[in-house]
Amino acid sequence: MARSNGGIIGVVNDPITELTTTFTSPGTFTSRPTTGSAGVLVIAGGGGGGNAPTNKGGGGGAGGVVLAPSLSIGGGTPVPVSIGGAGGASANGSDTTFGPAPALYYLIAKGGGGGGDETRGAGSQGGSSGGSAGPQSGASVGPDPAAASQPGQPGNSGTFGHGNKGGFLPAASPPGNVGGNGGGGAGTAGTSAGPGGGNYGGGNGGIGLDVRPVFGPTQPFYITPSSQDGFFGGGGGGAPSPPYPPSARGEGGAGGGSPGPGGGSPGMRNAPGAVANSGGGGGANNPSGKSGGSGRVAVIEPSAAPGVWSLQSQFAAVKAGEWPS
């Protein structure tokens with residue numbers, strides 16, 4: 001006679017615990033046999049900070065972020081993962097992907113835009129756009145950067161996509177000793193250059209995105225922030241104007257869900273680039289803008305109660321030889 005298992009006739013199963021899998025390099029994610037849906041985080045590479053001899057380059061934009069709370073992924077499904085690289089000085093970061101197109105669970109995060117420099121002026125469009133450079137060689141203001149491209153992506157990549165515009169200095173702002181503007185973050189736009197340290201210092205990068213609603217407060221893949229760099233998706237800070245007082249530098253955007261500064265690096269001489277696999281934008285710098293942070297993918301598979309299996313999960317487990325006897 002079959003055993004009764006909590007009102008369900010069938011195999012007595014052990015509880016399946018919640019599982020988070022992360023990728024910082026290309027690979028293949030394979031879902032567990034019990035998985036029917038999963039939360040997925042996809043982060044592109046961040047853009048590099050702008051370089052300008054006047055120290056007025058714009059901060060790099062954060063890599064686009066896709067935070068999907070529940071995607072249908074059948075049990076035992078192999079999913080290819082690519083990881084976007086960081087953008088160098090004034091350059092865009094690269095895209096990160098999860099899954100093959102046109103699978104319903106396919107996601108693409110667009111690389112962050114590079115910060116504006118002395119030749120281009122405007123920050124480049126990207127998942128989050130780079131901040132525009134400050135006034136260069138007689139120009140009154142840096143051009144307005146284009147809107148972030150991540151929210152406009154097709155399908156779930158746009159529905160669950162996050163990215164914001166980099167800052168720029170409106171024409172009505174006072175000219176003179178003005179720094180660069182902050183790069184956009186996944187959570188908010190970059191800010192314009194403003195007063196600081198006796199001059200118009202660099203604008204701050206936009207903040208990152210809080211991923212705790214999907215991944216919880218204590219996930220091991222979170223990047224611990226330091227005083228200069230940190231967390232997923234923050235925009236890079238704009239460069240300071242001479243004479244480089246700390247109060248005039250543009251700060252990297254705070255990472256979503258972290259208690260301290262994070263995201264991109266500050267726009268300041270000898271500042272570090274954004275943390276690897278953070279998707280943060282790089283800080284502006286002279287003579288060369290700092291690199292953004294490379295991308296990352298994380299998948300969270302839910303727990304499953306003992307004795308409860310979907311037919312799809314049972315079939316996948318039997319086929320894989322993993323069904324309990």
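Only a predicted model underlies this, so the values are computations on that prediction, with no experimental measurement involved.

Asker: Can you walk me through the overall build of the protein in this structure?
Answerer: In terms of regular secondary structure, the protein is built from three helices and 13 strands. Of the contacts formed within the protein by residues at least 6 apart in sequence, a portion of 65% connects residues at least 24 apart. Element-wise, carbon and sulfur atoms account for 57% of the exposed surface of the protein, whose accessible area totals about 12,400 Å².

Asker: Would you take a moment to explain the packing of aromatic side chains for this structure?
Answerer: A full pass over the atoms with the stated rule returns two aromatic pairs. Both rings, one in F29 and one in F98, keep their centres 6.2 Å apart while their planes meet at 40°; by these two values the pair is tilted. Here F29 is found in strand β4 (residues 27-30), whereas its partner F98 is found in strand β8 (residues 96-98), with 69 residues between them in sequence. Aromatic side chains F98 and Y105 sit 6.3 Å apart centroid to centroid with 70° between the ring planes, which places their arrangement in the edge-to-face category. In terms of burial, F98 and Y105 fall into one category: buried. These aromatic residues form a ring-pair network of at least three members: F29, F98 and Y105.

Asker: Quick question: what am I supposed to make of the side chain of R296 here?
Answerer: Position of R296 relative to the elements: it lies in strand β13 (residues 296-301). Using a relative accessible area of 9% as the deciding quantity, one classes R296 as buried.

Cut-offs used in this document
- Residues numbered from 1 in each chain as written.
- Predicted model: local features only at pLDDT ≥ 70, side-chain atom pairs only at ≥ 80, totals over all residues.
- Heavy atoms only, no water.
- Helix = DSSP H or I, 4+ residues; strand = E, 2+ residues; numbered from the N terminus.
- Contact = heavy atoms within 4.5 Å.
- Areas by Shrake-Rupley, 256 points an atom, 1.4 Å probe, with all protein chains shown as cover.
- Phe/Tyr/Trp six-rings, centres within 6.5 Å; stacked < 30°, edge-to-face > 60°.
- Buried < 20%, exposed > 50% of the residue type's maximum accessible area, 1.4 Å probe, protein only.

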